Amino acid sequence: MLSVFIKNGDEKLSGEVVTDVEKEFSKLRVTGKKIEKILIEKIEKGKYNDVNSYIDRFGYKLYYNDISNGCKAALCVVNFTDKIIDLAECGNNARDIIISFCKTGNILIEDNGIAISTQYNKDIDVRIDKYRFFDIDRLNKYISDERLYGPDMSIGGIERCI
């Protein structure tokens, strides 16, 4: 499952937090895994081409150095699953796509009051605090209304983590 940490939360972060996504991205090689292709397609509106390049939304072949910070962060999430990737330089669309499609990894987000969009994928597998969520609407309710006081466990789409 994808682990989500919220900045200024009470939870202590155990593990390396990556704040320089550009630097971390320079350490990886895009290999064309299915999840990498999905992230490039959804965030960049582009298409995986090969290990060195992708085709952008206008049909141009570009190198991965030219990809957006949001997509670089997403690719870091799926390739460095032992590190916590700070999404500070990502737009909400990249944040939402990462939460919608990444099934492993760790991210650090800011609670900016903007709900996570359900337009990409409603079903998720996300851990935040001591809870596991399977539905974006349920996750949004928890973050916006219940996080300070504890969730209503009678509402579906959530379970307590051990």
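Higher on the page you've got the structure.
S.K.: Before we go on, may I ask you to explain the overall build of the protein in this structure?
M.R.: Of regular secondary structure, the protein possesses five helices and 10 strands. Expressed along its principal axes, the backbone C-alpha trace of the protein runs to roughly 50 × 30 × 25 Å. Sorting the 162 residues of the protein into buried and exposed places 46% on the buried side. Restricting to contacts in the protein with at least 6 residues of sequence separation, those with at least 24 account for 51%. Roughly 8700 Å² of accessible area belongs to the protein as shown, and the carbon and sulfur atoms make up 47% of that amount.

S.K.: Explanation requested: the packing of aromatic side chains in the structure shown.
M.R.: Aromatic rings in a pair are described by how distant their centres are and how their planes are angled relative to each other. Applying the stated criterion to the full structure yields three aromatic pairs. The interplanar angle of 40 degrees and the centroid separation of 5.1 Å between the aromatic rings of Phe133 and Tyr142 together place this pair among those described as tilted. Of the two residues, Phe133 and Tyr142, both sit in the buried class. Every member of this aromatic cluster is reached through a ring pair, and the members are Tyr131, Phe133 and Tyr142. The ring centre of Phe80 lies 5.1 Å from the NZ or CZ of Lys83, which sits over that ring.

S.K.: Mind showing me how you'd approach the sheet that holds strand E6 (residues 84-86) here?
M.R.: Hydrogen bonds between backbone atoms are what pair the strands of a sheet, whose relative direction is either parallel or antiparallel. Across the sheet, seven strands lie side by side as E2-E6-E7-E1-E8-E9-E10; this open sheet has mixed pairing. Lying at the two open borders of the sheet, with one neighbouring strand each, are strand E2 (17-18) and strand E10 (158-160). Along the sheet, helix H4 (residues 92-101) makes contact with strand E1 (2-6), strand E7 (106-109) and strand E8 (123-128), crossing E8 at roughly 100 degrees.

The rules behind each value
- Residues numbered from 1 in each chain as written.
- Predicted model: local features only at pLDDT ≥ 70, side-chain atom pairs only at ≥ 80, totals over all residues.
- Heavy atoms only, no water.
- Helix = DSSP H or I, 4+ residues; strand = E, 2+ residues; numbered from the N terminus.
- Buried < 20%, exposed > 50% of the residue type's maximum accessible area, 1.4 Å probe, protein only.
- Contact = heavy atoms within 4.5 Å.
- Areas by Shrake-Rupley, 256 points an atom, 1.4 Å probe, with all protein chains shown as cover.
- Phe/Tyr/Trp six-rings, centres within 6.5 Å; stacked < 30°, edge-to-face > 60°.
- Lys NZ or Arg CZ within 6 Å of the ring centre and 35° of its normal.
- Pairing = 2+ DSSP bridges.
- Axes fitted to C-alpha atoms, helices over the stretch in contact; angles between N-to-C directions.

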